[in-house]
Amino acid sequence: MKVLVINSGSSSIKYQLLDTDTEAVMVSGLVERIGEAQGDLKAKNFPGTDNQAVVEIQQPIPDHTTGMRLAIELLTDAKNGVLKDKSEIGAVGHRVVHGGEDFHKSVIIDDEVLAAIEANVPLAPLHNPANLDGIRVAMELFPGVSQVAVFDTAFHQTIPSHAYMYALPYELYEQDRVRRYGFHGTSHKFVASEMATIAKKPVEEMNIITVHLGNGGSITAVEKGKSVDTTMGMTPLEGLVMGTRSGDVDPAIHTFLARNKGMDIEAIDTMLNKQSGLKGLCGMNDMRDIHDAIEKGDERAKIALDVQCYRNKKYIGAYMAVLGCVDAIVFTAGIGENDDIVRRDSLKGLECLGVKIDEKINAQRAKEPLLISTVDSNVAVWVIPTNEELAIARETREVLN
Ligand code: ADP
């Protein structure tokens, strides 16, 4: 079956066309700058398709409907297309950021599901409306084709209350559903399942710590295939030190900033989400730039790297305590897959807890899963590439089966 995977953002639409029988990507595309004076669509067709074109279109793209229409026209375009007709697409899988407490798994989208995604908008005011735009446009352009919602939060709905409750007045949970939800669930579930496949064991028989380090980052404790704790919270701001997000801070810093610096709530929110993390510490948010700067003797870049790795280590240690016995630690996403120094420093000093990595193997680059722990390490440490689009396509196929 051919599945179109859509990840719709506030001014962009990322999409992939996959064949779920072979799991091959046919087309990968990105529509950007929706609503700006000049929009941009880039699409790449992959080997295995009749047409291996790379196409870029620049024109005003006023809204998501126009963006999706352009993308679909390109899929079936006589010159650059890979499909004869859009009816070849068997299903559409949508990434939806926040499913709140309503969704424990992926679902076929109907009116009730749309209403529930809408009801969760207060929990993800930037993401859910954009995801809904993508769904509505796809429903209009593919009438009668099954649309499936795959939630970032769903995998974490197994987290027990002692881990998801904040110690705040209980009414906040009852009335406003203030609690930990966690994100990146599709990626954590995917790499945990890949880990089990590699280990040739059912995921239900393994305890795994999944470490997703990209622009955003989170770590999850996966007990017998189920998420039992994760570092992101009610929003994707809690937990690790990220590209521009602070991760954990003393909540009293907010009041300090308001009282002593006259900052209002919007300014504090922008600061914590966009001007903090690695960028706040050293002015750079791309790990590659940070390593280059460290080589040139930039001390703040070194501090940023150290603060990030130390936070990673604290949570890995915490989740070893949560799980008791750990079979594997899995690194994934942009930094997790590519940055051997971050991996090494995030595990430094955990030898007594049974975590030993082989620095030579760790320094290797691989597109395939790579075992980086030593033979005498109690815990296997792996680098496993994540693939959220493939995960969404698989979920879509499974839900429809
Ligand atoms: P997103 O969270 O946006 O999906 P990715 O998982 O693609 O992010 O990760 C992007 C980040 O990965 C970049 O900001 C960069 O810091 C890091 N990264 C990518 N390639 C490398 C590399 N070769 N070495 C170190 N870090 C890298």
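None of these values were measured; they are calculated from a predicted model.

(A) Expanded view of the nonpolar core. Counting residues in hydrophobic clusters, the biggest one holds 37 residues, and the most contacted among them are Ile-209, Ile-316, Ile-329 and Leu-347. Of all elements in the fold, only strand E9 (207–213), strand E10 (217–223), helix H9 (277–282), helix H10 (287–295), helix H11 (299–323), strand E12 (328–332) and strand E14 (380–383) reach the threshold of two or more residues within this core. The element contributing the most residues to this core is H11, with 9 residues. Here Leu-347 is in contact with Ile-316, Ile-329, Phe-331, Val-355, Ile-357 and Val-381, once residues within four sequence places are set aside. Leu-4, Val-27, Ala-53 and Ile-89 belong to the second largest nonpolar core, which has 28 residues in total.

(B) Quick look at the packing of helix H1 (residues 64–76) against helix H3 (residues 127–141). Where H1 meets H3, the closest approach of the two axes is 9 Å, and the angle between their N-to-C directions is 50°. By the angle between their axes, H1 is oblique relative to H3. Regarding H1 and H3, the two cross each other, and that crossing is right-handed. Taking contact as the criterion, the partners of His-64, Thr-65, Met-68, Arg-69 and Ile-72 in H1 are, on H3, Asp-133, Val-137, Glu-140 and Leu-141.

(C) Here's a closer look at the sheet that holds E14. With respect to topology, 6 strands assemble into an open sheet ordered E11-E10-E9-E12-E14-E13, the strand pairing being mixed. Looking at which strands have only one partner, the edges of the open sheet turn out to be strand E11 (226–230) and strand E13 (370–371). Alignment of E9 against E10, held across 7 bridges, turns out to be antiparallel. The residue of E10 that forms the bridge with His-212 is Ser-218.

(D) View of the environment of Lys-226. Position of Lys-226 relative to the elements: it lies in strand E11. Taking the relative accessible area as the measure of exposure, Lys-226 reaches 48% and is therefore partly exposed. In this structure the C-alpha to C-alpha distance between Lys-226 and Met-206, which are 20 residues apart in sequence, comes to 9.8 Å. Ignoring any residue separated from it by four or fewer positions in sequence, one finds Lys-226 in contact with Phe-155, Thr-158 and Ala-221.

About the criteria used
- Residues numbered from 1 in each chain as written.
- Predicted model: local features only at pLDDT ≥ 70, side-chain atom pairs only at ≥ 80, totals over all residues.
- Heavy atoms only, no water.
- Core = buried A, V, L, I, M, F, W, Y, C linked by side-chain atoms within 4.5 Å.
- Buried < 20%, exposed > 50% of the residue type's maximum accessible area, 1.4 Å probe, protein only.
- Helix = DSSP H or I, 4+ residues; strand = E, 2+ residues; numbered from the N terminus.
- Contact = heavy atoms within 4.5 Å.
- Axes fitted to C-alpha atoms, helices over the stretch in contact; angles between N-to-C directions.
- Parallel < 35°, antiparallel > 145°, perpendicular 65-115°, else oblique.
- Left-handed = near helix turned anticlockwise from the far one by under 90°.
- Pairing = 2+ DSSP bridges.

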